[in-house]
Amino acid sequence: MSKIKVLSIDDSALIRQLLTKIVNSDPNLEMVGTAANPILADSKVKMLKPDIITLDIEMPEMDGITYLKKLMLNNPIPVIMFSSLLDKHRELALDALNIGAFDYVIKPSANVRGGVEDLATDLVEKIKNAYNNRAKFYKKHGVTISEETRMSIAKTPAIEVEAPKTSSFKVHQKNTADIILPLAPSKEVPTDKIILIGSSTGGTEALIECLKNVTPSAPPIVIAQHMPEGFTTSFAKRLNSILKIEVRESEDGMSIERGQAVLARGAKHTMIKVKNGKYFIEVRDGEPVTRHKPSVDVLFRSGAVYAKNKAIGIILTGMGDDGANGMKEMKDMGAYNIAQNEETCTVFGMPREAIARGGVDEILPLDKILAAALKKA
């Protein structure tokens, strides 16, 4: 099987060296070239025809966001943004995703060598997922491919995303929601329905599409989107400016009612609780669950414990299996659950796993999900 061809564009020679080491450490990947800036990269993109590009933002001659726009307009290729600037300017990550980047990874600004190695698993998983979903990427960006290329993509087996045992990547333990909240149904009874949503890769766009028509009469909504600390603040503000309902970032002890949505705070676990029939939010620190914090499994577990048959679960695009167990737990407690279909997902990982584990009642395209959820509310 041919390897995934990666091209790295970064003005730091150290980062280019480390990225080459990380990529080439996985037997399914190959760093076919590097460039110090987008101007130098142009000829290498044409000559090497990479499957995936990793792209810095702050560079001489041309910045990464400008080059991303140019690339998506003239020669769309799946891109993973890789920049320390994303940590300070969180809106840039959302802008890059909106322009067409597949995903992003925050480059550590201190202890670069150790930090990049720690992020190797995350970066490689995103590269592989971008490769596995390139047919959808081409379709989304209107790229016309030959029938031969289309058949070749269709016949190529998906690359195993988990780091193989032969690689040098750190693989973190996949904790379950048990370490945060036991599966013990509460005696509290909520008076209203509640919609709980989980999403990851591709979720920033999917959430806007899914919720764009929700009105203030809708039940309360709580969202767990995989994002780092600080990024959820920017994304909550963006959702609040776009949607017809009020959107806030989660805070411990806050109440949530109809016409409101809460976005789980980055680097914390967000859960719902019920007291005197009303919904409240609990924000708690702790170890990652299914390698994520916030974790969809933790949010859905709280739905099973507190909302029971008043919960409506929605699982959207994302890689991995976070949320699959929690969705089954909600269904077992009487919730009604909806999964986004494969055709409209950027990555069908999370919905596929939830379906496979028996937690899903209905599978729908993205633009049909909200209406189906509201029928159950």
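Preceding block: the structure.
Remember, it's a predicted structure, so these values are computed and weren't measured experimentally. (Residues numbered from 1 in each chain as written. Predicted model: local features only at pLDDT ≥ 70, side-chain atom pairs only at ≥ 80, totals over all residues. Heavy atoms only, no water.)

## Some remarks on the environment of alanine 206
Turning to step 1, where the next piece is worked out: Position of alanine 206 relative to the elements: it lies in helix α10 (residues 203-211).
Turning to step 2, where the next piece is worked out: With sequence-adjacent residues up to four places away left out, alanine 206 is seen in contact with Leu316, Thr317, Gln340 and Leu366. (Helix = DSSP H or I, 4+ residues; strand = E, 2+ residues; numbered from the N terminus. Contact = heavy atoms within 4.5 Å.)

## Some words on the side chain of asparagine 337
Turning to step 1, where the next piece is worked out: One can find asparagine 337 in strand β14 (residues 336-340).
Turning to step 2, where the next piece is worked out: Judged by its relative accessible area of 0%, asparagine 337 falls in the buried class.
Turning to step 3, where the next piece is worked out: Separated by 2.9 Å, the side chain of asparagine 337 and the backbone oxygen of methionine 327 make a polar contact.
Turning to step 4, where the next piece is worked out: In terms of polar contacts, asparagine 337 uses its side chain to reach the backbone carbonyl oxygen of glycine 359, at 2.8 Å. (Buried < 20%, exposed > 50% of the residue type's maximum accessible area, 1.4 Å probe, protein only. Polar contact = N/O pair within 3.5 Å; in protein donor to acceptor, adjacent residues only side chain to side chain.)

## Considerations on the packing of aromatic side chains
Turning to step 1, where the next piece is worked out: In this structure the tally under the stated criterion is 2 aromatic pairs.
Turning to step 2, where the next piece is worked out: Judged by centre distance (5.4 Å) and plane angle (10 degrees), the ring pair of tyrosine 104 and phenylalanine 231 falls under stacked. In this pair, tyrosine 104 is assigned in strand β5 (residues 103-106) and phenylalanine 231 in helix α11 (residues 231-242), connecting sequence segments 127 residues apart. Residues tyrosine 104 and phenylalanine 231 agree in their burial class; the two are buried.
Turning to step 3, where the next piece is worked out: Consider the rings of phenylalanine 137 and tyrosine 138, whose centres lie 6.0 Å apart with planes at 65 degrees: the pair is edge-to-face.
Turning to step 4, where the next piece is worked out: When its relative accessible area of 8% is taken as the criterion, phenylalanine 137 is described as buried.
Turning to step 5, where the next piece is worked out: Classification of tyrosine 138 by relative accessible area gives buried; the value is 17%.
Turning to step 6, where the next piece is worked out: Looking at lysine 126, its charged tip hangs above the ring of tyrosine 104, at a distance of 5.6 Å from the centre.
Turning to step 7, where the next piece is worked out: The positively charged end of lysine 376 is found above the aromatic ring belonging to tyrosine 336, 4.4 Å away from the centroid. (Phe/Tyr/Trp six-rings, centres within 6.5 Å; stacked < 30°, edge-to-face > 60°. Lys NZ or Arg CZ within 6 Å of the ring centre and 35° of its normal.)

## Quick notes on the sheet that holds strand β3 (residues 52-55)
Hydrogen bonding along the main chain pairs the strands of a sheet, whether they run parallel or antiparallel.
Turning to step 1, where the next piece is worked out: As summarised here, the arrangement of the 5 strands in space is β2-β1-β3-β4-β5, forming an open sheet in which the pairing is parallel. In this open sheet, the two strands that pair with only one neighbour each are β2 (29-35) and β5. Adjacent strand axes in the sheet meet at a mean angle of 25 degrees when their direction is disregarded.
Turning to step 2, where the next piece is worked out: Where strand β1 (residues 4-9) meets β2, 6 bridges bridge the pair, whose relative direction is parallel. Bridged to leucine 7 within β2 is glycine 33.
Turning to step 3, where the next piece is worked out: Against the sheet, helix α3 (residues 64-74) touches β1, β3 and β4 (79-83), its axis set at about 175 degrees to β4. (Pairing = 2+ DSSP bridges. Axes fitted to C-alpha atoms, helices over the stretch in contact; angles between N-to-C directions.)

## Describing the environment of proline 220
Turning to step 1, where the next piece is worked out: By the element assignment, proline 220 lies in the loop between α10 and β7 (221-225).
Turning to step 2, where the next piece is worked out: Judged by relative accessible area, which is 1%, proline 220 ranks as buried.
Turning to step 3, where the next piece is worked out: Separated by 26 residues in the primary sequence, proline 220 and isoleucine 194 place their C-alpha atoms 5.2 Å from one another.
Turning to step 4, where the next piece is worked out: Contacts of proline 220, omitting those with residues within four sequence positions, involve Asp192, Lys193, Ile194, Ile195, Ile256, Glu257, Arg258, Gln260 and Tyr279.

## So, the packing of helix α12 (residues 296-307) against helix α13 (residues 324-332)
Turning to step 1, where the next piece is worked out: Between α12 and α13, whose axes approach to 7 Å, the crossing angle comes to 10 degrees. Taken as axis vectors, α12 and α13 run roughly parallel relative to one another. Between α12 and α13, the residues in contact are Asp297, Phe300, Arg301, Gly303 and Ala304 and Ala324, Asn325, Gly326, Met327, Glu329 and Met330, respectively.
Turning to step 2, where the next piece is worked out: Of the residues contributing to the contact of α12 with α13, the split by class is 5 nonpolar, 3 polar and 3 charged. (Parallel < 35°, antiparallel > 145°, perpendicular 65-115°, else oblique. Nonpolar A, V, L, I, M, F, W, Y, C, P; charged D, E, K, R; others polar.)

## What about the pattern of salt bridges?
Turning to step 1, where the next piece is worked out: The tally for this structure, following the rule as stated, stands at 26 salt bridges.
Turning to step 2, where the next piece is worked out: A salt bridge links arginine 265 to glutamate 249; the shortest N-O distance between them is 3.2 Å. Pair noted here: arginine 265 is in the loop between β10 (260-263) and β11 (269-275) and glutamate 249 is in strand β8 (residues 246-249), with a separation of 16 residues, a long-range link.
Turning to step 3, where the next piece is worked out: According to the relative accessible area criterion, glutamate 249 is buried, its value standing at 12%. (Salt bridge = Lys/Arg side-chain N within 4 Å of Asp/Glu carboxyl O.)

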